[in-house]
Amino acid sequence: MTETTDSTDPAETEAEATRRAAGTTESSRASRGWWDRNADEYQRDHGAFLGDDRFVWGPEGLDEEDAALLGPPESLKGLDVLEIGAGAAQCSRWLAARGARPVALDLSHRQLQHALRIGGGLELVQADAGALPFRDGSFDLACSAYGAIPFVADPVAVFAEIHRVLRPGGRWVFSVTHPLRWAFPDEPGPEGLSVAASYFDRTPYVEQDEEGRAVYVEHHRTVGDRVRDVVAGGFRLVDLVEPEWPAWNAQEWGGWSPLRGNLIPGTAIFVCVRD
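Since this is a predicted model, take the numbers as computed values, not measurements.

S.K.: When you look at unusual backbone geometry in this model, what are you seeing that I'm missing?
M.R.: The phi torsion at Ala68 lies on the positive side, around 50°, for a residue other than glycine. Among the structural elements, Ala68 can be located in the loop between α2 (64–67) and β2 (80–84). Note on Ala68: relative accessible area 26%, which makes it partly exposed. For Ala89, which is not glycine, the phi torsion reads 65° and is therefore positive. Structurally, Ala89 can be placed in the loop between β2 and α3 (90–97). Given a relative accessible area of 0%, Ala89 falls into the buried group.

The structure is reproduced here in structure tokens:
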């Protein structure tokens, strides 16, 4: 499919970075547009690190094969698993290889086209995480590796939807940028080690076009906010994992780097249970 643009396409203008309010509809619209426009570059730049069928929780390289945050790999066989913000569905392929029945969901059509390109016969669904098109109790597990959650204005509503489609006892495990990083510049070098903003400022980061339309939105929540959101969504938090930077990982990925990773956490993984 070839995408066309016109003179009003936000992608044709240089985005202005600002901090301002951004609600659910605006955030969702911006995220879909941004990922549709940037999916090719993202998969080109990071596809080798992510692999085609590897489950990586974040730039540090923590692998689900070793972490077993969803449970021992051998226990996944026969389970229905929903991946939120699946991108090219690398994690879902890993799950399928272990006998699970994954469904890879993403807001971006272009990201799911990359999932089709890689292949694997997975079930792919384009939908918003805040309005999941599934019946109550459809899944045993749900997971998200940096998908959806950092970009939604109302995470409690998303968690409530995930709670709805999970069966009792099901796990919901998701990773996001560690909230502490919000206070530091998004730079991999020494300039990214000095506090430049208030950790407690929840004002969203917005990139907007010349008409003031958001083309990228990211929402900040403190660690405490995230815990309260998990509970408000109906879950019990059973673990909070902060991966350390491994010696083997020499890559830089945006603001993530060995320099920063050895000093401050870059990723937070919340392990939750639906009782």
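S.K.: Can you help me understand the sheet that holds strand β10 (residues 267–273) in this one?
M.R.: Within a sheet, each strand pairs with its neighbour through backbone hydrogen bonds, oriented either parallel or antiparallel. With mixed pairing, seven strands are arranged side by side in an open sheet as β4-β3-β2-β5-β6-β10-β9. Every interior strand has two partners, whereas the edge strands, β4 (123–126) and β9 (236–241), have only one. Strand-to-strand twist of the sheet, defined as the mean angle between neighbouring strand axes without regard to direction, takes the value 20°. Sheet analysis places β9 next to β10, joined by five bridges and oriented antiparallel. By the bridge assignment for β10, Leu240 is matched with Phe270. Packed onto the sheet, helix α4 (residues 109–118) meets β3 (101–106) and β4 and runs at close to 170° relative to β4.

S.K.: Teacher, can you tell me more about the nonpolar core here?
M.R.: Among soluble globular proteins, nonpolar side chains are generally buried collectively. With 27 residues, the main nonpolar core has Leu82, Ile84, Phe134, Ile162, Trp172 and Phe174 as its most contacted residues. Breaking this core down by element, the ones donating at least two residues are β2, β3, β5 (139–145), α5 (155–165), β6 (166–177) and β10.

S.K.: Sorry if this is basic, but what is going on with the sheet that holds strand β1 (residues 16–19) here?
M.R.: Strand order in this open sheet of three strands is β1-β7-β8, and the pairing throughout is antiparallel. Here the strands that pair on one side only, and so sit at the sheet edges, are β1 and β8 (214–218). Between one strand and the next, the sheet's axes are offset by a mean angle of 20°, whatever the strand orientation. Bridge count for β1 against strand β7 (residues 205–208) is four bridges, and the pairing is antiparallel. Looking at the pairing, Arg19 lines up with Tyr205 of β7.

S.K.: Is there a simple way to explain the packing of aromatic side chains in this structure?
M.R.: The relation between two aromatic rings is expressed through the spacing of the ring centres and the mutual angle of the planes. What the rule picks out here adds up to 17 aromatic pairs. When the ring of Trp34 is compared with that of Trp35, the centres are 4.8 Å apart and the planes differ by 80°; the resulting orientation is edge-to-face. Judged by centre distance (6.0 Å) and plane angle (75°), the ring pair of Phe151 and Tyr216 falls under edge-to-face. Linking Phe151 in the loop between β5 and α5 with Tyr216 in strand β8, this pair joins segments that are 65 residues apart in sequence. When its relative accessible area of 12% is taken as the criterion, Phe151 is described as buried. Of the aromatic side chains, those joined through ring pairs into one cluster are Trp34, Trp35, Tyr42, Phe49, Phe151, Tyr205, Tyr216 and Trp253. The positively charged end of Arg54 is found above the aromatic ring belonging to Phe49, 5.3 Å away from the centroid.

Rules used in this analysis
- Residues numbered from 1 in each chain as written.
- Predicted model: local features only at pLDDT ≥ 70, side-chain atom pairs only at ≥ 80, totals over all residues.
- Heavy atoms only, no water.
- Helix = DSSP H or I, 4+ residues; strand = E, 2+ residues; numbered from the N terminus.
- Buried < 20%, exposed > 50% of the residue type's maximum accessible area, 1.4 Å probe, protein only.
- Pairing = 2+ DSSP bridges.
- Axes fitted to C-alpha atoms, helices over the stretch in contact; angles between N-to-C directions.
- Contact = heavy atoms within 4.5 Å.
- Core = buried A, V, L, I, M, F, W, Y, C linked by side-chain atoms within 4.5 Å.
- Phe/Tyr/Trp six-rings, centres within 6.5 Å; stacked < 30°, edge-to-face > 60°.
- Lys NZ or Arg CZ within 6 Å of the ring centre and 35° of its normal.

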